[in-house]
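# Overview (structure and organization)
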There are 2 protein chains.
Amino acid sequence: MGAKKIRVLAFDVFGTVVDWHGSISREVKALGLDVDPNEFATRWRQGYQPAMAKVASGELEWTLIDDLHRMILDDLLAYFSIVDLDEQQKQHLNKVWHRLSAWEDSVEGLNCMKMNHTICTLSNGNLGLLTNMAKHARLPWDCVLSAEVFKKYKPDPNTYLGVCRVFDVDPQETMLVAAHQSDLDAARACGLQTAYVERRFEFGKGSPKCVSGSSENTLHARDFIDLADQLAHKY
Amino acid sequence: MGAKKIRVLAFDVFGTVVDWHGSISREVKALGLDVDPNEFATRWRQGYQPAMAKVASGELEWTLIDDLHRMILDDLLAYFSIVDLDEQQKQHLNKVWHRLSAWEDSVEGLNCMKMNHTICTLSNGNLGLLTNMAKHARLPWDCVLSAEVFKKYKPDPNTYLGVCRVFDVDPQETMLVAAHQSDLDAARACGLQTAYVERRFEFGKGSPKCVSGSSENTLHARDFIDLADQLAHKY
């Protein structure tokens, strides 16, 4: 093959490993809030990139995702005119991001990949969120890495190269796994290898997304079982 | 009882979870170096506190333990007049700290404690070192935390309080577990609860250490199985 051995697999998390849309919709529905659960989940996530952009631009100082999620949630509750949640209920709802469910292939696939590689998160989620999520969803990370460690949000190069530095490996020995092409493009620009994973229903069963991925990715996988198989045969 | 529930257990690692002295002595002996393996291990570890002190004082800029270990190793090889290791062999020997063996009760005890608590490292070892060690010794951490995350070495308060911030818990809900009283004293000064673990042979079978611990510790345990039992009954 000639490809350099992959030693570290770094995973994007929201949408790639866990089903944020389904998990949040279900919890909002169970709460009995007078909103469309799908729209609530989608709008909460839509606030995420603009909030992080404010940190990247310096408009906001370094702020953890837990706190960004809360700022977006407060706007969302106002938008939907929801006034009957007390502070404790809001705090609990905000931590739904710690209780997201894994896609059904995630745990089995990660356990396979862990046998021959170091598997870690590389998420903009904070360390506490990612650790609680891992306990909840039984995600067997070797190490939980986060933008919080590097004090920069993806797609800042310091996050991708930070993984390489932490494990003392070359970018070519590191692979970012994600369901989002923009994340993979930024990683490839830093010299990392990339694996695109199809998560057609990231935005819900009613809103399938295009999962063609770029031909520039090192690998393209249907799910984590497929990715584990491809890695076992190629690396 | 009246005690606040412990939610996070943070573990010192070298000496507390893993047997650095035995592991290094064995590897040095297997290498066939013309030295007393016990003395070699002990001297390597003795260089650790002074090296970190240089970082704390600002004499050295922020430096990872892997690099501090290498500086001490180079001095040690000169001290013992060992000249027959090439660069690759030195790098491999330096990473013996990534291959330390767990005390025989560590893995079972950690798996028990993990059921009701978040278990994480709080070590001056760097993230890559601690992650490789966890894979090698099958340590089931929920999260690998390190001085590297906080850019301060223990006993700096930012390390102990950093754990509380990461998991959004009060110091009283956090317990440091260590075989070293000075580490526990520094954690208690920050408001954390403390558990002393007896590791009588941390410095080798021939050099048993005093394991009385301070009466100010919240708990005193013979080993991790005993600690898991005590936590299950009290918290």
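As a convention, each chain's residues are numbered from 1 in the sequence order in which they are written. Throughout, the order in which chains and ligands are written sets their labels, letters from A for the former and numbers from 1 for the latter. Only residues with pLDDT of 70 or above have their local features reported here, since the model is predicted, and side-chain atom pairs are shown and tallied only from 80 upward, although totals for entire chains, interfaces and linings are computed over all residues. As a rule here, side-chain values cover all heavy atoms of the structure and leave hydrogens and water aside.

### Here we look at the layout of surface pockets
For the largest pocket, the calculated volume is near 720 Å³. Starting at the N terminus, helices and strands are each numbered in turn, a helix being any DSSP run of H or I of at least four residues and a strand any DSSP run of E of at least two. Of all elements in the fold, only helix 6 (106-116) and helix 7 (127-137) of chain A together with helix 6 (106-116) and helix 7 (127-137) of chain B reach the threshold of two or more residues within the lining of the largest pocket. No other element matches helix 6 of chain A, which puts four residues into the lining of the largest pocket. Residue composition of the lining of the largest pocket, grouped by class: twelve nonpolar, two polar and eight charged. Think of a 1 Å grid over the protein atoms and nothing else: a 1.4 Å probe that fits but is trapped marks a cavity, an open set flanked by protein within 12 Å on at least five of seven lines marks a pocket, and residues with an atom within 4 Å of a point count as lining. Grid points are joined across faces, edges and corners, and a volume is the space filled by probe spheres set on the points. Asp, Glu, Lys and Arg are counted as charged, while Ala, Val, Leu, Ile, Met, Phe, Trp, Tyr, Cys and Pro are counted as nonpolar; the rest, among them Gly, fall into the polar class.

### Side note on the relation of the copies chain A and chain B
The two copies are related by a screw operation: chain A maps onto chain B through 180° of rotation and 0.0 Å of translation along the axis, at an RMSD of 0.0 Å. Taken together, the rotation and translation describe the operation of a two-fold axis. Rotation axis and chain A: the residue whose C-alpha lies nearest the axis is A:V149, separated from it by 2.8 Å. Mapped onto chain B, 100% of the interface residues of chain A again fall at the interface, so both copies present the same surface. Each copy is superposed on the other by least squares, with the fit set by C-alpha atoms of residues at a pLDDT of at least 70 in both. Contact criterion: two residues are considered in contact whenever any of their non-hydrogen atoms come within 4.5 Å of each other.

### Looking at the domain arrangement of chain A
All names here are of chain A. As assigned here, chain A comprises domain 1 (8-19 + 101-234) and domain 2 (20-98). For domain 1 versus domain 2, the distance between C-alpha centres works out to 23 Å. In this complex, domain 1 contributes 21 residues to the contact, which on the side of domain 2 involves 18 residues. By buried area we mean how much accessible surface two parts lose on assembly, using a 1.4 Å probe and totalling the loss over both. When the two sides are added together, the surface that domain 1 and domain 2 hide from each other amounts to roughly 1700 Å², 58% of it contributed by carbon and sulfur. Taken as a group, F14, D19 and Y153 account for 37% of the area that domain 1 buries against domain 2, more than any other trio of residues on that side. Domain borders in the structure are assigned automatically or taken from a domain database.

### Let's talk about the interface of chain A and chain B
On the chain B side, the residues contacting the 18 residues of chain A number 18 residues. Summed over both sides, the interface of chain A with chain B buries roughly 1500 Å², with 53% coming from carbon and sulfur. Put simply, B:D142 and A:K135 hold a salt bridge, and the shortest N to O gap is 2.6 Å. Under the rule applied, a polar contact is a pair of N or O atoms within 3.5 Å (in protein, one hydrogen donor and one hydrogen acceptor; residues adjacent in sequence only if both atoms are side-chain atoms). One can count eight residue pairs in polar contact (both at pLDDT 80 or more) joining chain A with chain B. Only helix 7, strand 5 (143-146), helix 8 (147-150) and helix 9 (157-167) of chain A provide two or more residues apiece to the side of chain A that touches chain B. Examining the composition of the side of chain A that touches chain B, we find that five residues originate from one element, helix 7 of chain A, more than from any other. For this document, the term salt bridge refers to a Lys or Arg side-chain nitrogen within 4 Å of an Asp or Glu carboxyl oxygen.

### With respect to unusual backbone geometry
With an omega of 10°, the peptide bond running from A:K154 to A:P155 counts as cis. By the element assignment, A:P155 lies in the loop between helix 8 and helix 9. Although it is not a glycine, B:S81 sits at a positive phi angle of roughly 55°. On the secondary structure map, B:S81 appears in the loop between helix 4 (65-79) and helix 5 (87-94). Relative accessible area decides the class of each residue, using a 1.4 Å probe on protein chains only: under 20% of the type maximum gives buried, over 50% gives exposed, and in between gives partly exposed. The class of B:S81 is exposed, set by a relative accessible area of 58%.

### Some remarks on the sheet that holds strand 8 (residues 219-221) of chain A
All names here are of chain A. Spatial ordering of the open sheet is given by 5-4-1-6-7-8, a layout of six strands whose pairing is parallel. A single partner strand is all that each edge strand has here, and the edge strands are strand 5 and strand 8. Across the sheet, the axes of successive neighbouring strands diverge by a mean angle of 25°, strand direction being ignored. As a rule, the C-alpha atoms of each element are fitted with a line to give its axis, helices using only the stretch in contact, and angles between N-to-C directions run from 0 to 180 degrees. Along the sheet, helix 7 contacts strand 4 (118-123) and strand 5; its crossing angle with strand 5, the most-contacted strand, is approximately 145°. A strand pair is defined by DSSP finding two or more bridges across the two strands.

### What about the packing of aromatic side chains?
We describe a pair of aromatic rings using the distance from one ring centre to the other and the angle between the two ring planes. Ring pairs shown here join Phe, Tyr and Trp side chains whose ring centres sit within 6.5 Å, with only the six-membered ring taken for Trp; geometry is labelled stacked below 30 degrees between planes, edge-to-face above 60, and tilted in between. Inspection of the entire model under this criterion finds 22 aromatic pairs over all chains. Relative to A:W44, the ring of A:F40 lies with its centre 5.9 Å away and its plane at 80°, an arrangement referred to as edge-to-face. Separated by four residues within a single helix, A:F40 and A:W44 lie in helix 2 (residues 37-46), roughly one turn from each other. Of the residues examined, A:W44 reaches a relative accessible area of 0% and is grouped as buried. Judged by centre distance (5.0 Å) and plane angle (85°), the rings of A:Y79 and A:F80 are edge-to-face. Residue A:F80 is classed as buried on the basis of its relative accessible area of 17%. A connected cluster of aromatic rings, assembled from ring pairs, spans A:F14, A:W20, A:F40, A:W44, A:Y48, A:Y79, A:F80, A:W97 and A:F203. Sitting over the face of the ring of B:W20, B:R45 holds its NZ or CZ atom 5.5 Å from the ring centroid. In this analysis the charged atom, NZ for Lys or CZ for Arg, is taken to sit over a ring once it is within 6 Å of the ring centre and within 35 degrees of the ring normal.

### Section: the pairing of strand 4 of chain A
Successive residues of a regular strand alternate their side chains across the two faces of the sheet. Residues and elements named next belong to chain A. In terms of burial, strand 4 is largely enclosed, as six of its six residues are buried. With four bridges connecting them, strand 4 and strand 5 associate as parallel partners. Looking across to strand 5, one finds that S123 is bridged to S146. The parallel pair strand 4 and strand 5, bridged by helix 7, forms a crossover whose chirality is right-handed. A right-handed crossover is one whose linking path, passing over the helix from the first strand to the second, runs clockwise when the strands point away from the viewer.

### Digging into helix 4 of chain B
All names here are of chain B. To estimate the expected span of a helix, subtract one from its residue number and multiply by 1.5 Å. A rise of 1.5 Å per residue sets the reference length of helix 4, with its 15 residues, at 21 Å; its end C-alpha atoms lie 20 Å apart and thus fit the reference within 8%. Listing the buried residues of helix 4 in full gives I65, D66, L68, H69, R70, I72, L73, L76 and L77. Looking at the buried positions of helix 4, the neighbouring elements they touch are helix 2 (37-46), helix 3 (48-57), helix 5 and helix 7. Phi for S81, located one or two positions after helix 4, is positive at around 55°.

### Observations regarding the pattern of salt bridges
Side chains that differ in sign of charge can pair as their charged atoms come close. Residues and elements named next belong to chain B. On inspection of all chains with the given rule, the structure shows 30 salt bridges over all chains. As a salt-bridge pair, E39 and R43 come within 2.8 Å of each other at their nearest N and O atoms. Placement of both E39 and R43 in helix 2 is noted, with a separation of four residues, approximately one turn of the helix. Residue E39 is classed as partly exposed on the basis of its relative accessible area of 29%. Residue class for R43 comes out partly exposed when judged on its relative accessible area of 30%. As a salt-bridge pair, R70 and D74 come within 2.9 Å of each other at their nearest N and O atoms. In this pair, R70 and D74 both sit in helix 4, four residues apart, roughly one turn of the helix.

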